[in-house]
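One-letter residues, chain by chain:
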Amino acid sequence: MTESTLTKKGQTTLPKAVREALGVRAGDRLRYVVTAGHVKILPVRPISRLYGALRYDGPPVTLEEMEQAVAEGARDG
């Protein structure tokens, strides 16, 4: 269990172990979800961090080919 102190301004420092567990660094945004007396701290990921998450190494495809693939997947799915 890790603890931190709340300042007069309502601020606290996230302990290093918590920052590492959340994968956050200075300047990152956090979301607080309060339910039934408990608080969940969730990192808010900017879209820019998603760059490269989905890779496609095949040849370029047209918009029509993408739409056809979606339609076939919906039909078969």
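Residues numbered from 1 in each chain as written. Predicted model: local features only at pLDDT ≥ 70, side-chain atom pairs only at ≥ 80, totals over all residues. Heavy atoms only, no water.

J.: What exactly am I supposed to notice about a nonpolar patch on the surface here?
T.: Together, Tyr-56, Val-61, Leu-63 and Met-66 make up an exposed nonpolar region whose accessible area comes to about 420 Å². Mapped onto the fold, Tyr-56 is located in the loop between strand 2 (38-44) and helix 2 (63-76). Assessed through its relative accessible area of 57%, Tyr-56 is described here as exposed. (Patch = residues over 30% accessible without salt bridge, like charges linked within 9 Å, V, L, I, M, F, W, Y side chains within 5 Å. Areas by Shrake-Rupley, 256 points an atom, 1.4 Å probe, with all protein chains shown as cover. Salt bridge = Lys/Arg side-chain N within 4 Å of Asp/Glu carboxyl O. Helix = DSSP H or I, 4+ residues; strand = E, 2+ residues; numbered from the N terminus. Buried < 20%, exposed > 50% of the residue type's maximum accessible area, 1.4 Å probe, protein only.)

J.: Any chance you could explain the pairing of strand 2 here in plain terms?
T.: Across seven bridges, strand 1 (residues 29-35) lies against strand 2 in antiparallel orientation. Residue pairing across strands places Arg-31 opposite Leu-42, the latter belonging to strand 2. Between the antiparallel neighbours strand 1 and strand 2 lie two residues, among them Ala-36 with a positive phi of about 45 degrees. (Pairing = 2+ DSSP bridges.)

J.: What should I look at first to understand unusual backbone geometry in this one?
T.: Most peptide bonds are trans, and most residues other than glycine sit at a negative phi. Phi at Ala-36 takes a positive value of approximately 45 degrees, unusual for a residue other than glycine. Position of Ala-36 among the secondary structure elements: in the loop between strand 1 and strand 2. Relative accessible area serves as the criterion here: at 76%, Ala-36 is assigned to the exposed category.

J.: Teacher, can you tell me more about the pattern of salt bridges here?
T.: Opposite charge on two side chains lets them pair, provided their charged atoms get close. Under the criterion given, the structure shown has one salt bridge. Where Lys-16 meets Glu-20, a salt bridge forms, and the shortest distance between an N and an O atom there is 3.9 Å. You can see Lys-16 and its partner Glu-20 sitting in helix 1 (residues 16-22), four residues apart, about one turn around the helix. We classify Lys-16 as exposed; its relative accessible area is 54%.

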